[in-house]
Amino acid sequence: MSGMKRGAAVWCGGLCALAALLAWPFGTPEGWHGEARAEPSGPKFTGSSSCQGCHGESAPKPKYDGDVQHTEFTAWASGKDPHFWAFGIPEADLDKEAGEKLRGLQMPEAAAIAKRLGIADPRESDRCLTCHATSRFSDAGGKRAALNKADVVEGKSLREESVACEACHGPSEKWQKPHQEKAWAGTQRKGLGSGKLWSDFGFADLRNVKVRANACISCHLQIDHNLLAAGHPHIKFELSVFGGYEWAHWRDKGAWFGTKAWAAGQAVSLRDAARQLGAHAAGGAGAQQLQYSYFKMLGHALMARQLAAAIDAPALGAIDAQLKAAQAAGSDAKKLAAPLGELERLGEALADKVQAQAFDQALTEKLLAGVAAEGPAAGGLDFRCAEQYFYSIFGLMRTLAADAKPADAAAKTKEVGALYGPLGSLPGKYKKADFVTVAQKLAAVFPGGKALALPEGVGSAGPTVATTDPAPAVTPKAGSEPGPVVADTGDPKSATEPANKGKPPEAGMGQLPDPNRQPLPDEEQGKLYIFCTWCGTKWFKEHNYCGRCGAKLSKEHLGDW
């Protein structure tokens, strides 16, 4: 049974009753730093089956000029949209002949992560369902909450629908019928504005790039450090790029919308990455987790600084001042709170500026040149900074090619694509020197930009050790290549603490952790592990680097649990 056939059967067929889920609190109705916006009161979720009737066509069938294609449900349920698989399909329902595999919360990896967190079944847990199934989100507060029975029309179950229509568009009970009228959304948008459309109807105005970014980022940059420590991978995010894959089921009207989406993504990502770093520090995240989150925030900041220089020059100086203050605060959560909170506010204000800004070819080319100039510095800092630079230059180039159609678009796109090889997909696969070489060439391909020097000290290392972290106080050199570690003369089978405890780290410490590799859990007793001689953490024998302190692991230190 294909993804589409299964989708139609699941959504239209009877679903099991919705489990009694406890909704997470939304907090106050005031959003980011006092932006007053009421939460929608009363509208319930009706399920994606209520959308399929109009949006489930197999081929485009617009009813009037400017109408949607009416294939939106079909595109989502085809299985090409990764959100379709967030909850996952039970093994018994997989089409194994077609190569379908377990995904989402159905995967054994999900069960292992849940077990480390004390969760019996991730498919029943609010903590998992908040982002792996249709859930509520607050456009003002940037939070998500798992659904309970009161949120859903009677007789409906939305868990198995995965991340479906209403997860992004909002609970449809009040707008599902009226939005079928010609120009209803446009008329309401003009008369009420995005804020009132949300508060009065529960309709998320995704034409508003800030609303769109808020909807996406409420999952993509809201993972707590305990979840990451249990094995959940870090999730990357780039609004303009990720919204342009073949599974996209919408059409953005007007030229240069891609540039506007890119800009909104940078501003909102800076806001939430700063917020996430603050939460990790306050929660007592370990040294490597803090550093990972720091460079992720800095990667978004590098791109947001180029945006600020182009459309809001005073914001650039303000961002730099807070980056410097955050660097000085180190891993002290109390000292970090003020500069990171201010970076949140600056990101929010920059997002508002983007929504009001007109984007054209000249501004797109200016931003593209500025981002290109930033490449060598971003690549030299860290994998996460390099990754955000890559997505930015790729997204802006794609917009320029689509909307201006320059004769050299194919050649320049190929030049940008050369970044992908040395970037790799994980920190451990990043080839810094090769990446910087390609980035230097791109600065010449897109001339006229200016690299914006960071304040002194920013990016040198980032936060190091949280006050609750028992690991040694190691300050890795940012971007340095992993080197050898001192051989452990002790017996790893009986060692209770690392042989190198109290010694300074050798040059080469600084390899950031692979987010898909986690320490060996207690239930894996009896299997071979590899013992980190620097911090004492035990890992599966396939690991090459310690995800806690960054040291290179030696196969000589294999031992039984």
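Residues numbered from 1 in each chain as written. Predicted model: local features only at pLDDT ≥ 70, side-chain atom pairs only at ≥ 80, totals over all residues. Heavy atoms only, no water.

Novice: Give a detailed account of the packing of aromatic side chains, specifying residues and quantitative values.
Specialist: In the structure shown here, the tally under the stated rule is 15 aromatic pairs. Considering the side-chain rings of F242 and Y391, the 5.4 Å spacing of their centres and the 85° angle between planes classify their relative orientation as edge-to-face. Note that F242 is positioned in helix 10 (residues 239–242) and Y391 in helix 16 (residues 383–403), a separation of 149 residues in sequence. When sorted by exposure, F242 lands in the same class as Y391, which is buried. Considering the side-chain rings of F383 and Y430, the 5.8 Å spacing of their centres and the 65° angle between planes classify their relative orientation as edge-to-face. Placement of the pair is F383 in helix 16 and Y430 in the loop between helix 18 (420–423) and helix 19 (432–445), with a sequence separation of 47 residues. Taking relative accessible area as the criterion, F383 reaches 3% and is therefore assigned buried. Look at Y430 and you get buried, because its relative accessible area is 11%. An aromatic cluster of at least three residues, connected via ring pairs, comprises F242, F390, Y391, F394 and Y420. (Phe/Tyr/Trp six-rings, centres within 6.5 Å; stacked < 30°, edge-to-face > 60°. Helix = DSSP H or I, 4+ residues; strand = E, 2+ residues; numbered from the N terminus. Buried < 20%, exposed > 50% of the residue type's maximum accessible area, 1.4 Å probe, protein only.)

Novice: Pulling in residues and values, what's your account of the side chain of T46?
Specialist: Note that T46 resides in the loop between helix 1 (3–12) and helix 2 (49–55). At 2.7 Å, the side chain of T46 forms a polar contact with the side chain of S50. T46 has contacts with V153, K156, E166, S172 and E173, leaving out every residue within four places of it along the chain. (Polar contact = N/O pair within 3.5 Å; in protein donor to acceptor, adjacent residues only side chain to side chain. Contact = heavy atoms within 4.5 Å.)

Novice: Just give me the short version of unusual backbone geometry, but keep the residues and values in it.
Specialist: Although it is not a glycine, H70 adopts a positive phi angle of roughly 65°. Looking at the secondary structure, you find H70 in the loop between helix 2 and helix 3 (72–77). A positive phi angle, near 65°, is found at S162, a position not held by glycine. Here S162 shows up in the loop between strand 2 (144–145) and helix 6 (165–169).

Novice: So what about the pattern of salt bridges? Which residues, and what values?
Specialist: A full pass over the atoms with the stated rule returns 17 salt bridges. Across the pair D200 and K196 runs a salt bridge, and its minimum N-O distance is 3.5 Å. With D200 and K196 both in helix 7 (residues 184–201) and four residues apart, this pair spans about one turn of that helix. With a closest N to O distance of 2.6 Å, E348 and K210 form a salt bridge. Of the two residues, E348 is situated in helix 14 (residues 333–356) and K210 in helix 8 (residues 209–220); the sequence distance between them amounts to 138 residues. The same class applies to E348 as to K210, namely buried. One continuous salt-bridge network, built from bridges that share partners, spans K210, R271, D272, E348 and D352. (Salt bridge = Lys/Arg side-chain N within 4 Å of Asp/Glu carboxyl O.)

Novice: Any details on the state of the cysteines? Residues and values, ideally.
Specialist: Taken as a whole, this structure holds one disulfide when the rule is applied. A sulfur-sulfur distance of 2.1 Å marks the disulfide that ties C131 to C219. For the disulfide bridge between C131 and C219, the dihedral angle about the S-S bond is near -105°, and by the sign convention the bridge is left-handed. With C131 in helix 5 (residues 126–132) and C219 in helix 8, this pair connects stretches of sequence that are 88 residues apart. Using a relative accessible area of 27% as the deciding quantity, one classes C131 as partly exposed. Its relative accessible area of 14% is what places C219 among the buried residues. We note that C128 lacks a disulfide partner, and the nearest cysteine sulfur, in C131, lies 9.8 Å from it. By relative accessible area, C128 is classed as buried at 12%. (Disulfide = S-S within 2.5 Å.)

Novice: Lay out the packing of helix 16 against helix 19 with the relevant residues and their values.
Specialist: Packing of helix 16 against helix 19 brings their axes to within 12 Å, and their N-to-C directions diverge by 35°. Where helix 16 crosses over helix 19, the handedness of that crossing is left-handed. Along the contact surface, helix 16 presents A386, Y389 and I393, while helix 19 presents F435, A439 and L442. When the residues that make up the contact of helix 16 with helix 19 are grouped by side-chain class, the tally is six nonpolar, no polar and no charged. (Axes fitted to C-alpha atoms, helices over the stretch in contact; angles between N-to-C directions. Left-handed = near helix turned anticlockwise from the far one by under 90°. Nonpolar A, V, L, I, M, F, W, Y, C, P; charged D, E, K, R; others polar.)

Novice: Any details on helix 13 (residues 313–329)? Residues and values, ideally.
Specialist: With 17 residues, helix 13 extends 25 Å from end C-alpha to end C-alpha; this agrees with the ideal 24 Å at 1.5 Å per step. Buried positions along helix 13 lie against helix 11 (257–282), helix 12 (287–311) and helix 14. One or two positions beyond helix 13, positive phi appears at G330, with a value near 60°. (Expected span 1.5 Å × (residues − 1).)

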